[in-house]
Amino acid sequence: MAVVELRDVGVEFKKISGSVRSQKVKRSLTSIFKKRTKVERFWALNNISLTLYKGDTLGIVGKNGAGKSTLLKVLNGVLVPDKGYVNVRGNASALLNFGAGFHPNLSGRENIYLNGVFFGLTRKEVDDIYDEIVSFAELEDFIHTQLRYYSSGMRARLGFSVAVHVKTDILIIDEVYGTGDKDFRKKAEKKMEEFMRQAKIIIVVSHNMDLITNLCNKFLWLEKGETREFGSSADIVYAYANSEP
Amino acid sequence: MIKNLSFCLKRKDLLKQLVISKLIVSQKDFLLGYLWWVIDPLLLMVIYWFLIGVIFRRGGPDYPLFILCGLVPFRGFSISFSQSVASISEKIYLISQINFPRIFLPLTDVLTNHIKLLFGFLVIFIVALFFNVRIGLHYFYLIVPFISQIIMVSGIAMLFSVIGVYFRDIKNLVQFIARSLLYLSPVLYSIERIPVRYRDMYFLCNPIAPLLESYRGIIMYGKQLDISLVTISSLQTLVIFFIGYFFFVSNEKRFLKYI
């Protein structure tokens, strides 16, 4: 059974040069006298179709601006596509940015709860994993301190720890492994592998070709918002790597 | 629509946690913390009593309580209203990364402010004791205008939170409207000042007015609920709420891309 299914998905963006607001005012003023000025539209994603089954790991490659982040946002539910069909069974958790929902004036403890429910847990479910999160992040002594007194490493550790303790069906990773010091990174990688094993589907965006070929069984090469190639052969990644100037 | 509702219901813990977080944050940096929720209405009461009771020699002996009954609920409304324009536009970093019911953002602001409002009511009750007002079981009627206010303000907040995404400068306009409404609503003066033949019109145009009248009638004059007031204001509340809700839901997809 397909867990993730995309059919002919397209996301259209408007391209307005100059400041958005001034354009808007100008447009509404000039529209009294003449026809509305045209706004340039373009498809950030177009005709994307893919199906993923349980156990699949999808690696997405492509140049900057190819639509990788837009595609992740569609999978994550942050963006609703303008055309096509999206069906994502289960809850998708994105590791786009650890601790996106953190608030500097809240304590570590309060932030764990806030972040946990943002990921779709209930408060009770956060209760159950709370101790694990704290001990994994090694923040027992600072858990009642406001987050703004944390170092950036501590904050990253906490964010990572919450993210990997939330059990999700679909895991979306955008360029990870940049957290904390050397020891913590090692621990993080190990935990990540464990986390990946229990997720039904993993979707990875990375510029690290080795990581992608090692990890994934399906590959998607995006170019200018469209599928250049999609399939289960790692040759796609090599072709992409060689295409780069 | 149904999908949207069930998504909200599934994630209701998030709303709870957002409200708790906001309440914690809003007092954490202050020396007096939660006490401000009590001090704030008292200070305002003193200022307006000084202006109107002492300088203009109007109002009568129980004027401080009179102001408080109008001012406290009105502040709950006006603060929520002014904050709503920013409730989405200032949370872009969240919306662009996490999928959650975006409608919770304006609702969080409204609920937080109305929880603080409860402390304001506590102040009213204490001041009422000083003015020898009969406090009794009829005070439970206050729940009706209070719930009505929350629902109505939610509708307004949903509407303006979306508008605030498209036009950032609406903030200035909203602050002006909120300030003007203070003088256009029966906060500092009694509804008796409005000629009888315009009164229905007045209640119809200013949805806060019937609510403020209900609060004041119950607290100060020991009245029961006025059925006609309740009817007007529940109709207004429902209309405003559904306008806000439909506007939000139908624009959600669009503003996600806009931000």
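On a predicted model such as this, the values are computed, not experimentally measured, just so you know.

About the thresholds
- Residues numbered from 1 in each chain as written.
- Chains lettered and ligands numbered in written order.
- Predicted model: local features only at pLDDT ≥ 70, side-chain atom pairs only at ≥ 80, totals over all residues.
- Heavy atoms only, no water.
- Helix = DSSP H or I, 4+ residues; strand = E, 2+ residues; numbered from the N terminus.
- Buried < 20%, exposed > 50% of the residue type's maximum accessible area, 1.4 Å probe, protein only.
- Areas by Shrake-Rupley, 256 points an atom, 1.4 Å probe, with all protein chains shown as cover.
- Rg over C-alpha atoms; globule rule 2.2 N^0.38 Å.
- Contact = heavy atoms within 4.5 Å.
- Lys, Arg positive; Asp, Glu negative; His and termini not counted.
- Charge placed at Lys NZ, Arg CZ, Asp CG, Glu CD.
- Expected span 1.5 Å × (residues − 1).
- Buried area = accessible area lost by both parts, 1.4 Å probe.
- Salt bridge = Lys/Arg side-chain N within 4 Å of Asp/Glu carboxyl O.
- Polar contact = N/O pair within 3.5 Å; in protein donor to acceptor, adjacent residues only side chain to side chain.
- Axes fitted to C-alpha atoms, helices over the stretch in contact; angles between N-to-C directions.
- Parallel < 35°, antiparallel > 145°, perpendicular 65-115°, else oblique.
- Left-handed = near helix turned anticlockwise from the far one by under 90°.
- Nonpolar A, V, L, I, M, F, W, Y, C, P; charged D, E, K, R; others polar.
- Pairing = 2+ DSSP bridges.
- Phe/Tyr/Trp six-rings, centres within 6.5 Å; stacked < 30°, edge-to-face > 60°.
- pLDDT = per-residue confidence, 0-100.

All right, on to the overall build of chain A then. Counting its regular elements, chain A contains eight helices and nine strands. Out of the 245 residues belonging to chain A, those deemed buried represent 46%. When the accessible area of chain A is evaluated, it comes to approximately 12,300 Å², of which 47% is carbon and sulfur surface.

This paragraph deals with the overall build of chain B. Counting its regular elements, chain B contains eleven helices and zero strands. Walking chain B from its N terminus toward its C terminus, one meets helices and strands in the order α-α-α-α-α-α-α-α-α-α-α. A compact globule built from 259 residues should have a C-alpha radius of gyration of about 18 Å, and chain B, at 19 Å, falls within 12% of that. C-alpha atoms of chain B, sized along the principal axes, occupy 55 × 45 × 35 Å. Counting only residues that meet the buried cut, chain B has 53% of its 259 residues in that class. By sequence separation, contacts in chain B at least 24 residues apart represent 79% of the contacts at least 6 residues apart. Total accessible area on chain B stands at roughly 12,800 Å², and carbon and sulfur atoms take up 71% of it. Separation of charge centres in chain B, based on 25 positive and 12 negative side chains, amounts to 5 Å.

For helix α4 (residues 63–87) of chain B, which comprises 25 residues, the first-to-last C-alpha distance of 35 Å matches the rise-based estimate of 36 Å (1.5 Å per residue) to within 8%. Counted residue by residue, α4(B) has 22 buried out of 25 residues, so it is predominantly covered.

The next thing to look at is the interface of chain A and chain B. Between chain A and chain B, the residue contacts involve 36 residues of the former and 28 residues of the latter. Between chain A and chain B, roughly 2,800 Å² of surface is buried when both sides are summed, and carbon and sulfur atoms account for 56% of that area. Counting the surface chain A buries against chain B, the share from its top three residues, A:Val78, A:Phe118 and A:Arg123, is 24%. Remark: the boundary between chain A and chain B carries one salt bridge. There are eight residue pairs in polar contact (both at pLDDT 80 or more) connecting chain A and chain B. Mapped by element, the contributors of at least two residues to the side of chain A that touches chain B are β1 (2–15), α1 (20–30), α2 (68–76), α3 (108–118) and α4 (123–137) of chain A. Counting residues per element, the side of chain A that touches chain B draws most heavily on α3(A), which supplies five residues.

All names here are of chain B. Contact pair helix α3 (residues 36–55) / helix α6 (residues 104–130): the axes reach a minimum separation of 8 Å and the direction vectors enclose 55°. Regarding the angle of α3 to α6, the classification is oblique. Classified by chirality, the crossing of α6 by α3 is right-handed. Across from Trp37, Val38, Pro41 and Leu42 in α3, the residues of α6 making contact are Lys116, Phe119, Gly120, Val123 and Val127. In terms of residue class, the contact of α3 with α6 is built from seven nonpolar, one polar and one charged.

Turning to the pairing of strand β8 (residues 218–223) of chain A, a few remarks are in order. Side-chain direction in a regular strand flips from residue to residue, so the side chains alternate between the two faces of the sheet. Residues and elements named next belong to chain A. Burial runs high along β8: five of the six residues are buried. Relative to β8, strand β3 (residues 57–62) is paired through five bridges, and the arrangement is parallel. Paired with valine 61 across the bridge in β8 is tryptophan 221. In the sheet, β8 pairs with strand β9 (residues 226–231) via five bridges, with the strands oriented antiparallel. Residue pairing for β9: tryptophan 221 is matched across the bridge by glutamate 229. Hairpin geometry of β8 and β9 is characterised by an intervening segment of two residues between the two adjacent antiparallel strands and by a positive phi of about 50° at lysine 224.

What follows is about the packing of aromatic side chains. All names here are of chain B. Applying the stated criterion to the full structure yields 19 aromatic pairs over all chains. Relative to phenylalanine 125, the ring of phenylalanine 121 lies with its centre 6.5 Å away and its plane at 35°, an arrangement referred to as tilted. Separated by four residues within a single helix, phenylalanine 121 and phenylalanine 125 lie in helix α6, roughly one turn from each other. Residue phenylalanine 125 is classed as partly exposed on the basis of its relative accessible area of 25%. Measuring from centroid to centroid gives 6.3 Å for phenylalanine 241 and tyrosine 245, while their planes differ by 5°, and the two rings are stacked. Note that phenylalanine 241 and tyrosine 245 are positioned in helix α11 (residues 227–258) at a spacing of four residues, about one turn of the helix. A relative accessible area of 9% means that tyrosine 245 is categorised as buried. What links up through ring pairs into an aromatic cluster is the set Phe121, Phe125, Tyr139, Phe146 and Tyr215.

Residue and element names in this part refer to chain B. Scored by pLDDT, chain B comes out at a mean of 89, with 100% of its residues at no less than 70. Confidence, read as mean pLDDT per element, is least for helix α1 (residues 2–10) in chain B (82) and greatest for helix α7 (residues 143–166) (95). With pTM at 0.86, the complex prediction returns an ipTM value of 0.82.

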